Every structure is written in structure tokens, then in C-alpha cells.
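Take a look at the letters that make up each chain.
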Amino acid sequence: MLKQKDQLSLRYNSNQKGQPLTPQERERMLRKFLPTTPSPSTPSTISPDPSPFPSRAPPIRNLIKSQIHTLIYTFIHLFFGLYVRTRIAYHAIVDRILAILYYHHRTPDLIRKDVKNLSRLPEHLSVILSVNTDDDRGAGLEQLVHEVSEISAWCASAGIPALSIYERTGILKNYIPQTHHTITRTLQAYFGNTPYSKCPTVSVRAPNLPTFSPPTTPPTSDAGGTHPDHITILLLSEDDGRNTLVDLTKTLAEMAQRSKISPADISAELIDAEITESVMGEPDILLLFAPRVMLDGYPPWQVRLTEIYHVPDNTEGVGYQVFLRALHRYAHAQMRFGR
Amino acid sequence: MPNSSSLHISNLRKWLVQSPPAEWALGNIKELLLASVRQGAVPQHVAFVMDGNRRFARSHQIETIEGHNLGFEALARILEVCYKIGVKVVTIYAFSIENFKRTKYEVDALMDMAKVKLSQLAQHGELLARYGAKMEFLGQRDMVRPDVLEAIDKAIKLTAKNGKAVLNICAPYTSRDEITTAIRNTVIDYSEPVRPTLKRPFSETHIARNIRAQQLSTVSESEENGQLDTTLAGALNQEGSMDSETMGIYNRVDDIVERYLTDLTINEAPASAPTDIIIECLRDTTLSEEEKRAKVDEALDGNVDASDFAELQSLADQMNSSHLDPTTSSTTSTTLNLSTSDPTSVSSSLHPTNFRDPESITARTLTAHTFTGLRTPPLDLLIRTSGVERLSDFMLWQCHQETEIIFLKCMWPEFDLWQFLPVLLEWQWRRRKEGQVDRKRGRSKIE
């Protein structure tokens, strides 16, 4: 630790007399904090001497030292592992309690009540999901579609108009009609399937694929005059991240080779416009259901200012309470226990 | 006043910690801890978003620039920790392009501070030189004030020799700007013409002829099966039988042509092979001797010797005198001409420049053009302080895959070893667990 006096003079780069510090003075102040062995020789060159120990200290002392370090390392990790496990358990209990306190009961009214007091809602919510590849393919896919339709229903109930779902492999892109069908069924389960239930309509799309939004039912002739809400679901995969930028570069390079553009024309605005059109704009909030933040190949261009939310040590996967906590976080609101 | 009292408490704590015995003990514990942490896996590349200096200053009721000063001290502490445990690259987000929108007073104060601090880091190289770290700046240099730029260049030069570790200072930087620059530079790279590859030891005419010979022989084989109608089969049979003879003539003409063409500049791809032109014109019975000679001269790009011309003439006669149908010969030679003058040579005669194929651009190409480049190890850990949970345009290209992103509640000036150590330990812990899982999976697969 530096002496107060020295710390101040370093901070303002002047000594007690108010003159700028000379390098020698600085060195004197900091000498004892610096490693004892300055490395004047080039450290990267491999010395011809193959001895595993540096010649400075006797080998036996180094051996004992490294043994002690390994021992301490093992101890630290023993206790740290214990701490992490306790923390995970604690978080799991808290999450469980919240999950019981806040449950949607498949009722849009309850969800609407949960988000009623929020000062703002995201216009575009993005989630990262992962498909479980350990089991057989069918079960993992079914689980994924189930999660997607649940999240869609929550968004539709809360009034979030755009939802983008990132899944690394992009397996869902092959099953757009089926996904649409499942989502519609889930929405009907939430909202009811009567002409008066105002069940929201859904369109599912993926970048560079046509939008799938069949006219589910012919518009009801005069059902109260209010048209139902609409939710857009965008399916993303790893290809929509780096590869899209690479494709854009290829196109730009080709155009430059044919002298259609000059490289100076390439600006962040141009790229942004192209990427927004071909993939999507910036989402307002990115929701992870994983226990820690790892983007896993999520489109890099779009996460610039996106708020990234995750529940630390989340072990429950896709849960309504995570969704709700993210919305609270987005609105900078505190969660009150109980309703 | 809870804020000022917290500052008092921190002052009291500082005084306690600075008493000699406590200082000695703490220093030794720290050393021991760091040396122990080194025993496990250590992230190779760590990035920090140094956020919260201003908020810290506001909450402690000190000047904003004071907050930045404290932030720099925190940085020095953390750098020391990082380099001691063996981190190879530390990247810090020092100044965003967006930060130019702050008040001029603050920007100027920051720039002045940067000048002083840069020399403190690098001048007699205390921190950086002792740990063998070199300083690199990532960002738009032309947006920096010239006097600061001078200080930057000086710092870079002073530390350029160090090769053990790297400190990347991102200023003035945004990641979108970095990606844009990478794309632009890639495009510039690819829109520069490349020299065509040097002449390869294979002649296109040889290859074309070989292919034709093979096709003919296969066709005449299938003809023996009696699948083809007789007239066509007869014609092909004729060609097939004389094929080896024609090949001999072709090869000799080729030899003569090559004698003339060795000193020709190899860069210009000929529109069609000279051998074919020569044989074509020599066999053309409508042309006179002089016309033939002129054409041969033109094809060979120089005057042909009388003896060589005579040999060529005799070779052509030999070819004509052999039972070769003139019509088939002309068709085959035209097809040959077509096949030798492939589309690339046609386009290259239209556009005198050659470009690299844009399809060869990959994510790796773009990575190579980012500020961090290919030599920097992948980003293992990105830490952002001050509880804001977004990336704010930092390292987007580098961190969106395997990087573990950590958001911490504390402000940057409060960030020290005791905040950093849990993050580090957890990272190590996860690595160990993943390693165990992988090993288990591998074992079960073997079983």
C-alpha cells in the first residue's frame, strides 16, 4: 500500500513542492511494490540451459514453494466450490419461492396484472435458448418448441409485440409451420378459443425466409371492432451473426471490384441499415435462461446497447419468474413480494 | 451524511491497513494467493469495462476528474494482479467515441490525465516494463488531440520491445466502428488487383489434347460394343486410329513454338494457344505461302527461322496428307480453341486486372482485420463494473461466442483484488468442472 503522501503526489503528478515528478522520484515511491526481478534480458527467448528451475534460488526451496502453492490452491478451490454450491442452492430456493409466488396459471389477465405497474415495456425482447442434444433429437426439439410457445404466450399477454428467439443450431428454422401451429395452440389455451377472446395472431419468420403467417380465421365480421393483437416471432441461429457480416463483406467486396462502390462508402450506418433489414434491429433486452452470461454466437452487431439479463445460477431453465424479473429490471422497478 | 461518513470509515480503514505490520501481512497473503491461483488454469485474455468512475465521484461528493484518477489507480492495481497470475492480454475500454459527447471540460481533463498517466505507465516502464507488457492502442487515432497522440506514440514506442504480455487500450473506440473498419479494410484488400500466378509447368494445349485423346479412345471403345450408328463410328474410328500420329505432330510443333516463346513475357495470357493457330493456318490450303508465314510470325511474336518454318510446313502437310477429314479437323480445332481460351482469359483481356475471389472471405478474414487481429488469444473473460448489464459497444465481435461476461455491482474505483478474485476463482472452478464432465463423457463413449 502506498503512503498517503506518495499516493497523492502520484495522482497529481507533483511533489510536495508542487513541481512535476521526475521519473527517479516516482521510481523511489514505487520501488517496494515492484517485483524484485526486473527482466532486462529478453524473456521470450528460450535459454539453452534446459534446467527446469531458474538459477536464482536453490531448487529445493522452489520445490517446497510450489508444493505450498498447489496445496493452497487446492484448499481455496475446496472452500470456493463449497461456497459456490451453497450459493447455487440458495439461489435455487429463492427462485423456487418466486416461481410459486408468481405463476401465470395460463391466464393472460394475471400476466397483465404483473406487468401493469411497470414504467416501460421492451418493444423487442430477445431470448437465447438451447436445444438439449443429449437426449434423442425429437425430445429436445419438442422441449424447444414448447419453450418457444410458452415465451410467446407470455409476451403476447404482457403486450410485447416483437420476440426474437436465438438458438445456436437453428433447428427450428426447418419447422416454421409446425412451430407456428404449436404457438397458435398455446395462445388459444391462454386466451381461449372463442371469437370474443381476442386471441392474438402470430407470424413466424426467419431471416432470408418468407414470413409464415397464415390467415388463421377470416376476420370476424364485427367482433367488437377491436382487432386482436399481433406478435411477430423471429427465429435466429448462429448463421445470422458473424456469417451475415461475412456475407455482407463478400457482397461489398464484389461491388468494389466492379467499381460500383468505393471502400470509403462503407460506414457503420450503411452496415447497420443492411443488417437491420436482413436480420433484425437492436433488441431492447436480451434474456438468458442460462446460469451465466455467455452469448454463444448471438448476432454481435445487434447486442451493442441491449440490456442483457440473466438470473445468476438459474437452474430451472425457462421459467416465468425469470421473464418477469427481466421485465422489472428493464423498467428499473423493484419486485414486491406477493401481489 | 451517510456518504461522507462512509468516506471517513474508508479513511480509517486505510489508516489501519497502512500500519506496518498489517501492510506486511497483507502483502504476503496477497503474494501467496496470487501464486496459488497461478497453479490452475488462467484466462489468457481479460477485458474490462471501467465503468462507474463518475457515479463513484458523485456518490462520494468529489470531483468527476478525481473519480477518474481513482479509476486509474484501480486499473494499475488490477493490471498488476493480472500480469502476476499470468494473463497474456488485458484489454480495457478507456474511452468511447461516444464519450466525445460529454462536456468539453471533462473530455479535456480526461485527455490531460491520459497524457500524464501514459507516461507513468510507460515512461521508465515501471509497471509495464517490469511485467514485460507492451502497450497497444485500439481505435480511431485521428480523433485524438495531436499532443495526446504524441504521448501515445511515445508510450507505444517505449514498450514495444516487451513481449511477455499486452495491454490493449481501447480509445477512442466503439466495436461497431471496429467491425466497420474491419469490413472496409477487407474490401480494400480484395479490391486490389493481384498479380496472376506465375506460369505453371503445364501447357493448356497439352492438357486439352490429352483430354481429347482420352475421349476419343473411350468413344471408340464403346463403339466396339455396337451401340453407335455406323457412319459416326466410322468417322470416330478414323480419328482414333490416326490419333497417336497427330499427337506426335502436335508435340513437335509445340516444341518449336516453345523455343520461340520462352522469352515472351509470361504475364499476358495469350488469347489462344499459338500452336493451334499455327497448325490451323498452315493446314489452311486457301492461304498462300507468304500469308502463312506472316501468320506464324504473328503467332510466335517474332520472325520464324526458314528452317523452322519449313519443318512446320512439312508437319502440317503430313497432317493433311494423313487420312484426316478436313471438316472434322476444323471442328475439332475450333472446339479446342474454345476450350483453351477459357472465360478467365477472355475477361482478363477485357479487364486487365485480376481480383481475389470474394467467396474466400471468411469470419477469420474479418477477425484478422479487427484491431485485435489474429495473434490475440480469444477473449476468455469480460468484466463490467457498476452494475450496468450491457456491453455498450465494446468487443462485440470478440465476446459473442465463448466469452464469459461478468457484471459486477461495484464501481470501478472500488474494484480490486478482492472483487476480482472470486470472479477468477469461479472461472477456474467452472473450467475444472467442465474438464471433469468432458473426461466423464469421453470415458463413457469409450466404454
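A brief look at the structure comes next. (Residues numbered from 1 in each chain as written. Chains lettered and ligands numbered in written order. Predicted model: local features only at pLDDT ≥ 70, side-chain atom pairs only at ≥ 80, totals over all residues. Heavy atoms only, no water.)

Focus: the overall build of chain A
Within chain A, the regular secondary structure consists of nine helices and six strands. Relative to its 339 residues, chain A shows a buried fraction of 43%. For chain A, long-range pairs separated by at least 24 residues make up 71% of all intrachain contacts whose partners lie at least 6 apart in sequence. Accessible surface computed for chain A: about 18500 Å², of which carbon and sulfur atoms make up 57%. (Helix = DSSP H or I, 4+ residues; strand = E, 2+ residues; numbered from the N terminus. Buried < 20%, exposed > 50% of the residue type's maximum accessible area, 1.4 Å probe, protein only. Contact = heavy atoms within 4.5 Å. Areas by Shrake-Rupley, 256 points an atom, 1.4 Å probe, with all protein chains shown as cover.)

Some points on the sheet that holds strand 5 (residues 381–384) of chain B
All names here are of chain B. Across the sheet, which stays open at both edges, the six strands sit in the order 3-4-2-1-5-6 with parallel pairing between neighbours. Looking along the sheet, the strands with just one partner apiece sit at the ends: strand 3 (133–138) and strand 6 (404–407). If you compare each strand with its neighbour and ignore which way they point, the axes differ by 15° on average. (Pairing = 2+ DSSP bridges. Axes fitted to C-alpha atoms, helices over the stretch in contact; angles between N-to-C directions.)

Considering the packing of helix 3 (residues 59–101) of chain A against helix 2 (residues 20–37) of chain B
It is at 8 Å that the axes of helix 3 of chain A and helix 2 of chain B come closest, and there the two elements cross at 85°. It follows that helix 3 of chain A is roughly perpendicular to helix 2 of chain B by the angle criterion. Touching His69, Ile72, Tyr73 and Ile76 of chain A of helix 3 of chain A are Leu32, Leu33, Ala35, Ser36 and Val37 of chain B, all from helix 2 of chain B. The residue makeup of the contact of helix 3 of chain A with helix 2 of chain B, split by class, is seven nonpolar, two polar and no charged. (Parallel < 35°, antiparallel > 145°, perpendicular 65-115°, else oblique. Nonpolar A, V, L, I, M, F, W, Y, C, P; charged D, E, K, R; others polar.)

Let's talk about the interface of chain B and chain A
With 72 residues of chain B at the interface, the matching set in chain A holds 70 residues. Together chain B and chain A conceal approximately 6900 Å² of surface at their shared face, both sides included; 57% is due to carbon and sulfur atoms. Where chain B meets chain A, there are eight salt bridges. Measuring nitrogen to oxygen at the nearest pair gives 3.5 Å for the salt bridge that ties glutamate 359 of chain B to lysine 250 of chain A. Seen at the junction of chain B and chain A, the total is 24 residue pairs in polar contact (both at pLDDT 80 or more). Tallied by class, residues from the side of chain B that touches chain A come to 29 nonpolar, 20 polar and 23 charged. (Buried area = accessible area lost by both parts, 1.4 Å probe. Salt bridge = Lys/Arg side-chain N within 4 Å of Asp/Glu carboxyl O. Polar contact = N/O pair within 3.5 Å; in protein donor to acceptor, adjacent residues only side chain to side chain.)

A word on the packing of aromatic side chains
Inspection of every chain in the model, using the stated rule, returns 17 aromatic pairs over all chains. Ring centres of phenylalanine 75 of chain A and phenylalanine 79 of chain A lie 6.3 Å apart, and the angle between their planes is 20°; on these two criteria the pair is classed as stacked. Linking phenylalanine 75 of chain A with phenylalanine 79 of chain A, this pair stays in helix 3, spanning four residues, or about one helical turn. Measuring from centroid to centroid gives 5.9 Å for tyrosine 173 of chain B and phenylalanine 394 of chain B, while their planes differ by 75°, and the two rings are edge-to-face. Placement of tyrosine 173 of chain B in the loop between strand 4 (165–170) and helix 8 (175–190) and of phenylalanine 394 of chain B in the loop between strand 5 and helix 17 (396–399) is noted, with a sequence separation of 221 residues between them. Comparing tyrosine 173 of chain B with phenylalanine 394 of chain B shows no difference in burial state: the two are buried. Among the aromatic side chains, those forming a connected cluster through ring pairs are Phe48, Trp412, Phe415 and Phe420 of chain B. Here the guanidinium or amino end of arginine 242 of chain A rests over the ring plane of tryptophan 397 of chain B, the centre of that ring lying 4.3 Å away. (Phe/Tyr/Trp six-rings, centres within 6.5 Å; stacked < 30°, edge-to-face > 60°. Lys NZ or Arg CZ within 6 Å of the ring centre and 35° of its normal.)

Looking at the pairing of strand 5 of chain B
Residues and elements named next belong to chain B. Along strand 5, one buried face is formed by Leu381 and Ile383 and the opposite face, lined by Leu382 and Arg384, is buried too. Two strands pair when backbone bridges link them, and strand 1 (residues 45–49) and strand 5 are joined in this way by four bridges, in the parallel orientation. Note that in strand 5 the partner of alanine 47 across the bridge is leucine 382. Taken together, the four bridges between strand 5 and strand 6 define a ladder with parallel strand orientation. Counterpart to isoleucine 383 in the pairing with strand 6 is isoleucine 406.

Remarks on unusual backbone geometry
Residues and elements named next belong to chain B. Phi at glutamine 61 is positive, roughly 50°, even though this residue is not glycine. Along the chain, glutamine 61 turns up in the loop between helix 3 (53–59) and helix 4 (64–85). Among the residues examined, glutamine 61 registers a relative accessible area of 49% and is labelled partly exposed. In the Ramachandran plot, serine 386 falls in the positive-phi region, its phi being about 75° despite a non-glycine side chain. Relative to the elements of secondary structure, serine 386 occurs in the loop between strand 5 and helix 17.

Digging into the nonpolar core
Inside soluble globular proteins, nonpolar side chains tend to come together where they are buried. Membership of the largest hydrophobic core comes to 60 residues, with the highest contact counts inside it found for Phe48 and Tyr83 of chain B. Element by element, the count of residues in this core is highest for helix 4 of chain B, at nine residues. Setting aside chain neighbours within four positions, we find phenylalanine 48 of chain B in contact with Ile78, Cys82, Val90, Thr91, Ile92, Tyr93, Ile383, Phe394, Trp412, Phe415 and Phe420 of chain B. By size, the runner-up hydrophobic cluster in this structure holds 49 residues, among which are Leu125, Ile176, Leu287 and Val311 of chain A. (Core = buried A, V, L, I, M, F, W, Y, C linked by side-chain atoms within 4.5 Å.)

With respect to the packing of helix 4 (residues 108–115) of chain A against helix 9 (residues 320–330) of chain A
Residues and elements named next belong to chain A. The geometry of helix 4 relative to helix 9 is characterised by a closest axis approach of 10 Å and an angle of 35° between their N-to-C directions. The handedness of the crossing between helix 4 and helix 9 is right-handed. Of the residues in helix 9, those in contact with Ile111, Asp114 and Val115 of helix 4 are Tyr320, Leu324, Leu327 and His328. Here the residues of the contact of helix 4 with helix 9 sort into five nonpolar, one polar and one charged. (Left-handed = near helix turned anticlockwise from the far one by under 90°.)

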